[in-house]
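The chain contents come next:
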Amino acid sequence: MHYISTRGETAPLTFSEAMLAGLARDGGLYVPQTYPALTREAIAGFGGRPYPHVAQAVIAPYLGGEIEPHALAAMAEAAYATFDHQAVTPLVQLGDNLFFLELFHGSTLAFKDVAMQLLARLMDHALAERAQRLTIVGATSGDTGAAAIEAFKGRDNIDVFILYPHNRVSDVQRRQMTTAPEDNIHVIALEGTFDDAQAILKALFNDKVFRDDVGLTGVNSINWARVLAQIVYYFTSAVALGSPYRPVSFAVPTGNFGDVLAGYIAKRMGLPVERLIVATNENDILTRTLATGRYEVRGVTPTQSPSMDIQVSSNFERLLFEAAHRDAGAVRSYMARLKQSGAFDLSGGDLNAIRADFDAFAADEKTTRDEIARTYRETGYVIDPHSAVGVSAARNALAKDARTPMIALGTAHPAKFPDAVMQATGIKPALPARLAAIMQGRERFDVLANDQAAIADYIRARARAARQPA
Ligand SMILES: *Cc1c(COP(=O)(O)O)cnc(C)c1O
């Protein structure tokens, strides 16, 4: 199994190489050469198995034999032992054919822990084998940074630099990043938006000298290994509701399109997924694209669900590649138009291919608040604003097809967004013990200008992998 770039201008890499690289050198994203198919019997066999066992079965075919089965098993065990629920990602019922997948039982209480805890171990393993050191630079709208810091803090061969938009993440999100005392963790509050942070990240990756000097890599949702780890819970949750003998649909709170892409890949692997519902907040580029065929960048509106406040969805490029029947030239031309004019129009064929699997719904701020209130009123269950965007979209989809079980992905614990929950329900979610500690810890971060050169200098001066000037 090798990995190719969606832009088609780099040589194929192995799994570990693609994981350690993050973004491809031609600016594209790595995708596997094929999607391994699981038989119905194999999928049915996941029923009742522990989460790490299913993870091993789903992930192993993507590794091309690079990692020994017992090593993968040990890493999956250790990664999911950091979760505080026996099932790792338990499913609860909210209504007729409406289910809710709790993905927030990891150490930062958001779904990014699911992938990041495994990624940190896979990377550490690959680096130890190569006797190599790397520098991770990540851009975060909140949760990715915290999850990366939790997963990578204290690791010997990796320094972590996290850029987040200054004053645009919640207090809890910021404290989760800034209270880690470990020396290999560096937190940068960027004077700009999440998209500015992401643009700087992309520019740093495209600076081949800088990239090689510091051994740059990324753990943003563009990293293939993260998408891979997220495929697992689509299988566990669908099987719990009767798959492969019964189809299910998923509603996914979406920002960078990594999570819902994992659901698409689960479908390509043989999971009977009826519909994939892209749920966006007011930053609705994907909902507009599915409705009109035009992918058009607009400004970012800050919302109650900041982890979905995006202008562009990086992982959408992977879906474009598939929709265009893996024509890298078509992807390059879409991306060139996006760069030039901030928009492109999907071809009729590509749009139809996407619509064959996906629907999309956007929830504005009032709809999100109303959904938190409604779910609480009807069930006594409290959801966070990101999850509420998903549940709202799930209800819209159920109105069209009430027969297929719908699984709405719960991407964050309500205690991470107490103000939004309070506003909608009048109650303040209790802070889990895991979070109480960070509300006391000393914060450590630097505020830097929205300036690529300044950020690059900052990283060079601190990264242990940085090549010293001769
Ligand atoms: C990151 C995140 C999302 C969006 O996930 P993508 O993979 O970027 O689409 C949704 N909700 C929460 C809480 C998140 O942290």
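Please refer to the structure higher up on the page.
Residues numbered from 1 in each chain as written. Predicted model: local features only at pLDDT ≥ 70, side-chain atom pairs only at ≥ 80, totals over all residues. Heavy atoms only, no water.

K.L.:
I tried to follow the overall build of the protein chain on my own but got confused; where do I start?
P.N.:
Tallying secondary structure elements over the protein chain gives 20 helices and 15 strands in all. Since a compact globule built from 470 residues should have a radius of gyration of about 23 Å, the 21 Å found for the protein chain is in line with a globular shape. On the principal axes, the C-alpha backbone points of the protein chain span a range of 65 × 50 × 50 Å. Considering the protein chain as a whole, with its 470 residues, one finds that 62% of them fall into the buried category. In the protein chain, the share of contacts with a sequence separation of at least 24, taken over all contacts with a separation of at least 6, comes to 77%. Counting 46 positive and 51 negative side-chain charges, the protein chain places the centres of these two groups 1 Å from one another. (Helix = DSSP H or I, 4+ residues; strand = E, 2+ residues; numbered from the N terminus. Rg over C-alpha atoms; globule rule 2.2 N^0.38 Å. Buried < 20%, exposed > 50% of the residue type's maximum accessible area, 1.4 Å probe, protein only. Contact = heavy atoms within 4.5 Å. Lys, Arg positive; Asp, Glu negative; His and termini not counted. Charge placed at Lys NZ, Arg CZ, Asp CG, Glu CD.)

K.L.:
Please explain the packing of aromatic side chains as it appears in this structure.
P.N.:
For any pair of aromatic rings, the description rests on two quantities: the centre-to-centre distance and the angle between the ring planes. Throughout the structure, instances matching the rule amount to 17 aromatic pairs. Where Tyr51 meets Tyr80, the ring centres are 4.9 Å apart and the plane angle is 70°; that geometry is what we call edge-to-face. Here Tyr51 is found in helix H3 (residues 51-59), whereas its partner Tyr80 is found in helix H4 (residues 69-81), with 29 residues between them in sequence. Considered together, Tyr51 and Tyr80 belong to a single accessibility category, that of buried residues. An aromatic cluster of three or more residues is present, and its members are Phe257, Tyr264, Tyr295, Phe316, Tyr334, Phe344 and Phe358. Over the face of the ring belonging to Tyr458 we find Arg462, whose NZ or CZ atom lies 3.7 Å from the ring centre. (Phe/Tyr/Trp six-rings, centres within 6.5 Å; stacked < 30°, edge-to-face > 60°. Lys NZ or Arg CZ within 6 Å of the ring centre and 35° of its normal.)

K.L.:
Mind showing me how you'd approach the site of the ligand here?
P.N.:
Residues in contact with the ligand amount to 15 residues; listed here are only the nearest, Lys112, Asp143, Gly255, Asn256 and Thr411. Contacts to the ligand include Asn256, whose backbone N or O atom sits 2.8 Å from an oxygen atom. A distance of 2.9 Å separates a nitrogen atom of the ligand from a polar side-chain atom of Thr411. Look at the ligand: alone it shows 380 Å² of surface, and the protein chains cover 98% of it. In this structure the site holding the ligand corresponds to the largest cavity. Residue composition of the shell around the ligand, by class: five nonpolar, seven polar and three charged. (Near = heavy atom within 4 Å. Polar contact = N/O pair within 3.5 Å; in protein donor to acceptor, adjacent residues only side chain to side chain. Areas by Shrake-Rupley, 256 points an atom, 1.4 Å probe, with all protein chains shown as cover. 1 Å grid on protein atoms, 1.4 Å probe; cavity = no way out; pocket = protein on both sides within 12 Å on 5 of 7 lines; lining within 4 Å. Sits in = over half its atoms within 2 Å of the grid points. Nonpolar A, V, L, I, M, F, W, Y, C, P; charged D, E, K, R; others polar.)

K.L.:
Looking at this model, I keep getting lost on the layout of surface pockets. Mind explaining?
P.N.:
A water-sized probe, rolled over the atoms, reveals where empty space remains. Size it by volume and the largest pocket reaches roughly 660 Å³. Together, 24 residues line the largest pocket, and Arg7, Lys202, Val312, Leu338 and Lys339 are the ones closest to its centre. Listed by contribution, the elements that provide at least two residues to the lining of the largest pocket are helix H8 (194-206), helix H13 (316-323) and helix H14 (328-341). In terms of residue class, the lining of the largest pocket is made up of 10 nonpolar, seven polar and seven charged. Contributing to the lining of the second largest pocket are 24 residues, with Val169, Ser170, Asp171, Pro306 and Phe417 lying nearest its centre. Of all the secondary-structure elements, those providing two or more residues to the lining of the second largest pocket are helix H7 (171-178) and helix H18 (418-425). In terms of residue count, H18 provides more of the lining of the second largest pocket than any other element does, four residues in total. Taken together, the residues of the lining of the second largest pocket break down into 12 nonpolar, seven polar and five charged. (Points joined across faces, edges and corners; volume = space filled by probe spheres on them.)

K.L.:
Honestly, the sheet that holds strand E4 (residues 98-102) in this entry has me stumped. Any pointers?
P.N.:
Two pairing modes exist for strands in a sheet, parallel and antiparallel, and in both the strands are linked by backbone hydrogen bonds. Pairing is mixed in the open sheet, where six strands are placed in the order E3-E4-E14-E9-E10-E13. Two strands close off the open sheet at either side, each with one partner strand: strand E3 (91-95) and strand E13 (358-362). Sheet twist, expressed as the mean angle between neighbouring strand axes with direction ignored, is 25°. Relative to the sheet, helix H11 (residues 258-268) contacts strand E9 (248-253), strand E10 (273-280), E13 and strand E14 (406-410), its axis offset from that of E10 by approximately 170°. Sheet contacts for helix H17 (residues 385-400): E3, E4, E9, E10, E13 and E14; angle to E14, the most-contacted strand, approximately 170°. (Pairing = 2+ DSSP bridges. Axes fitted to C-alpha atoms, helices over the stretch in contact; angles between N-to-C directions.)

K.L.:
When you look at unusual backbone geometry in this model, what are you seeing that I'm missing?
P.N.:
Here the amide bond leading from Ser243 into Pro244 is cis, since omega sits at 5°, within 30 degrees of zero. Looking at the element boundaries, Pro244 is found in the loop between helix H10 (224-240) and E9. Of note in the backbone geometry, His325 takes a positive phi value of approximately 55° without being a glycine. Mapping His325 onto the fold places it in the loop between H13 and H14. Not every positive phi belongs to a glycine, and Arg326 is a case in point at roughly 60°. Turning to its location among the elements, Arg326 is positioned in the loop between H13 and H14.

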